[in-house]
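# Observations on the three-dimensional arrangement
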Amino acid sequence: MFQTTTSTQPSTQPAASIPHPEGVSSEEFRAAMSRFTAGVTLVTAHDPDSGARGEDVGMTATAFMSVSLDPPLVMVSVRNGSRMDDLLAEQPLWAVSLLSESQRHIAGRFAMKGRLSDRLLFEDIPHTRGTASGAPLIGGALAVVECGTEQRVVAGDHTLVIGRVLEVDVASGDDGPLAYFKGRYRHLG
């Protein structure tokens, strides 16, 4: 269900990247955006083609948001060429666990760079398998959202993956959210 745009003229050249406006460096932009407090999530999917039983894949993300109530849509931003980007280009079903303040260790574990396999990362984390997505749903999360990809939009060095919400589960506890501010995980309150 990917939406695409069409052009009347064929293009033989790759899309040119948009240069930074004069005076705005990547470092300045990163510093400004670090002042924006964001919730922390774990995006997960199951790769059925990896190994005999497939492999679960996870990625910590703060660039996650609700897009629409009717139909229910959410969006996550994934780095181009990352394992999650490659998987979600092929696997349209995925999930997002909204992490609680007590799940900082999970966020840190799945934010590690250069890891070879996620199999061990899931090993001691309580989780269930989503009925709609087949993706791991993290136990103790504030809520879990299972999705099917509706659209992928390349935006600079990331791809925005917009998903239709297929199932949700909201925890009954009173835990607070895990937040990210100025490059660190934080608790609200």
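Note on numbering: residues in each chain are counted from 1, in written sequence order. Reporting of local features is limited, given that this is a predicted model, to residues whose pLDDT is at least 70; pairs of side-chain atoms are given and counted only at 80 or more, and all residues count toward the totals for whole chains, interfaces and linings. Side-chain numbers here rest on the full set of heavy atoms in the structure, without hydrogens or water.

One open sheet accounts for 3 strands, arranged β1-β11-β12; its pairing is antiparallel. Sheet topology places β1 (38–39) and β12 (184–187) at the edges, where each strand pairs with a single neighbour. Strand pairing is assigned whenever DSSP detects at least two bridges linking the two strands. Each helix corresponds to a stretch of at least 4 residues labelled H or I by DSSP, and each strand to a stretch of at least 2 residues labelled E; elements are numbered beginning at the N terminus. Sheet topology note: the strand β11 (residues 178–181)/β12 ladder contains 4 bridges and is antiparallel. Paired with Tyr-180 across the bridge in β12 is Tyr-185.

Here we come to the nonpolar core. One recurring pattern in soluble globular proteins is that nonpolar side chains are buried together. The criterion is simple. A nonpolar core is a set of buried Ala, Val, Leu, Ile, Met, Phe, Trp, Tyr and Cys residues joined through side-chain atoms within 4.5 Å. To sort residues, take the accessible area from a 1.4 Å probe on protein chains only and compare it with the maximum for the residue type: under 20% means buried, over 50% means exposed, and anything in between is partly exposed. Membership of the largest hydrophobic core comes to 17 residues, with the highest contact counts inside it found for Val-43, Met-59, Val-76, Met-84 and Trp-94. Only β2 (41–47), β3 (55–61), β5 (72–79), α2 (83–90), β6 (93–98), β9 (143–155) and β10 (158–170) provide two or more residues apiece to this core. Contacts between residues were defined by any pair of non-hydrogen atoms, one from each residue, lying within 4.5 Å. Not counting residues within four places of it along the chain, the set of residues in contact with Met-84 comprises Val-43, Thr-44, Ala-45, Val-57, Gly-58, Met-59 and Val-78. In terms of nonpolar packing, the next biggest core, distinct from the first, is built from 12 residues, Ile-106, Ala-107, Phe-110 and Ile-138 among them.

To continue, consider the pattern of salt bridges. Take a side-chain nitrogen of Lys or Arg and a carboxyl oxygen of Asp or Glu: if they are within 4 Å of each other, that pair is a salt bridge. Enumeration over the complete set of coordinates arrives at 6 salt bridges. Residue Arg-83 pairs with Glu-55 through a salt bridge whose shortest N-O separation is 3.5 Å. Of the two residues, Arg-83 is situated in helix α2 and Glu-55 in strand β3; the sequence distance between them amounts to 28 residues. Residue Glu-55 is classed as buried on the basis of its relative accessible area, which comes to 8%. Here Asp-85 and Arg-152 are joined by a salt bridge, their closest N and O atoms 2.5 Å apart. With Asp-85 in helix α2 and Arg-152 in strand β9, the pair connects residues that are 67 residues apart, well separated along the chain. Its relative accessible area of 8% is what places Asp-85 among the buried residues. Several salt bridges converge on common partners, so that one network encompasses Asp-47, Glu-55 and Arg-83.

A separate point is unusual backbone geometry. Geometrically, the link from Asp-70 to Pro-71 is a cis peptide bond, its omega value of 0 degrees lying close to zero. The topology assignment puts Pro-71 in the loop between β4 (64–69) and β5. Phi is positive for Lys-182, which is not a glycine, with a value near 50 degrees. Examined against the element boundaries, Lys-182 turns out to sit in the loop between β11 and β12.

Right, let's talk about the sheet that holds β5 for a bit. Taken in spatial order, the 7 strands make up an open sheet running β3-β2-β6-β9-β10-β5-β4, and their pairing is antiparallel. At either margin of the open sheet sits one strand with a lone partner, and together these are β3 and β4. Neighbour to neighbour, the strand axes of the sheet diverge by 35 degrees on average, direction disregarded. Sheet topology places β4 next to β5; 5 bridges connect them, and they run antiparallel. Note that in β5 the partner of Ser-68 across the bridge is Leu-73. For helices, the fitted line uses only the C-alpha atoms of the stretch in contact; every axis is such a line through C-alpha atoms, and the angle between N-to-C directions lies from 0 to 180 degrees.

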